[in-house]
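One-letter residues, chain by chain:
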Amino acid sequence: DQIVNIAYNRDAVFQFFVHGEFDVNNRGIPSMQDNRRVKAMIGRWGGKITDTLTYRVDYLVLGEQPPLPVYMQEQHRDLHFQHSSAPMHLPPPHT
């Protein structure tokens, strides 16, 4: 019996969009240098790196989530505070 996968094509070249910083060696410090290493590995294994994210991209490879800028952290905190289900405890009014 022969097993066939109609979706598999050994000659297909998959397109990858790689974004963000990576920590390939698990040092706890993501970097753009490791981003380049990830892209190089994909290229060595036959993938094609693309610089634009379009419908033709087969795989989206995302690095570490970058920290929010300070102003965004404040907005996020304020939004979370406004939508919190916990009752609000306000200080007593000044008299």
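Our subject is the structure listed above.
Residues numbered from 1 in each chain as written. Predicted model: local features only at pLDDT ≥ 70, side-chain atom pairs only at ≥ 80, totals over all residues. Heavy atoms only, no water.

Draft legend 1. Spatial organisation of the sheet that holds strand β1 (residues 15-19). If you trace the three strands from one edge of the open sheet to the other, you get β2-β1-β3, paired in parallel fashion. Whereas interior strands pair on both sides, the edge strands pair on one side only; in this sheet they are β2 (48-49) and β3 (59-62). Looking at chain direction, β1 and β3 are connected through four bridges and run parallel. From the neighbouring strand, H19 faces β3, where its bridge partner is L62. Seen against the sheet, helix α1 (residues 32-44) touches β1, β2 and β3 and runs at an angle of roughly 170 degrees to β1. (Pairing = 2+ DSSP bridges. Helix = DSSP H or I, 4+ residues; strand = E, 2+ residues; numbered from the N terminus. Contact = heavy atoms within 4.5 Å. Axes fitted to C-alpha atoms, helices over the stretch in contact; angles between N-to-C directions.)

Draft legend 2. The arrangement of α1 in detail. For α1, spanning 13 residues, the distance from its first C-alpha to its last is 18 Å, which sits close to the expected 18 Å at 1.5 Å a residue. For α1, the full list of buried residues reads D34, N35, V38 and I42. Down the axis, α1 shows its buried residues gathered within 110 degrees of arc, on one side only. Residues Q33, R36 and R44 are exposed on α1 and point more than 90 degrees away from its buried face. Each element contacted by the buried residues of α1 is listed here: β1, β2 and β3. In the stretch just after α1, G46 is the one whose phi turns positive, near 100 degrees. (Expected span 1.5 Å × (residues − 1). Buried < 20%, exposed > 50% of the residue type's maximum accessible area, 1.4 Å probe, protein only. Arc of directions from axis to C-beta.)

Draft legend 3. Representation of the nonpolar core in the model. Counting residues in hydrophobic clusters, the biggest one holds five residues: F16, V18, F22, V38 and I42. Within the residue set of this core, elements represented by two or more residues are β1 and α1. Those residues in contact with I42 that sit more than four places away from it in its chain are F16, V18, G47, I49 and V61. (Core = buried A, V, L, I, M, F, W, Y, C linked by side-chain atoms within 4.5 Å.)

Draft legend 4. Region of the structure containing the side chain of S31. With respect to the secondary-structure elements, S31 resides in the loop between β1 and α1. Here S31 is in contact with E21 and F22, once residues within four sequence places are set aside.

Draft legend 5. How the structure looks around the pattern of salt bridges. For the structure shown, the criterion picks out two salt bridges. Linking R27 and D34 is a salt bridge whose minimum nitrogen-to-oxygen distance equals 3.4 Å. Overall, the relative accessible area of 46% leaves R27 in the partly exposed class. Here D34 and R37 are joined by a salt bridge, their closest N and O atoms 3.6 Å apart. One end of the pair is D34 and the other is R37, both in helix α1 and three residues apart, which spans about a single turn. The buried category is assigned to D34, whose relative accessible area is 1%. Through salt bridges that share partners, R27, D34 and R37 make up one connected network. (Salt bridge = Lys/Arg side-chain N within 4 Å of Asp/Glu carboxyl O.)

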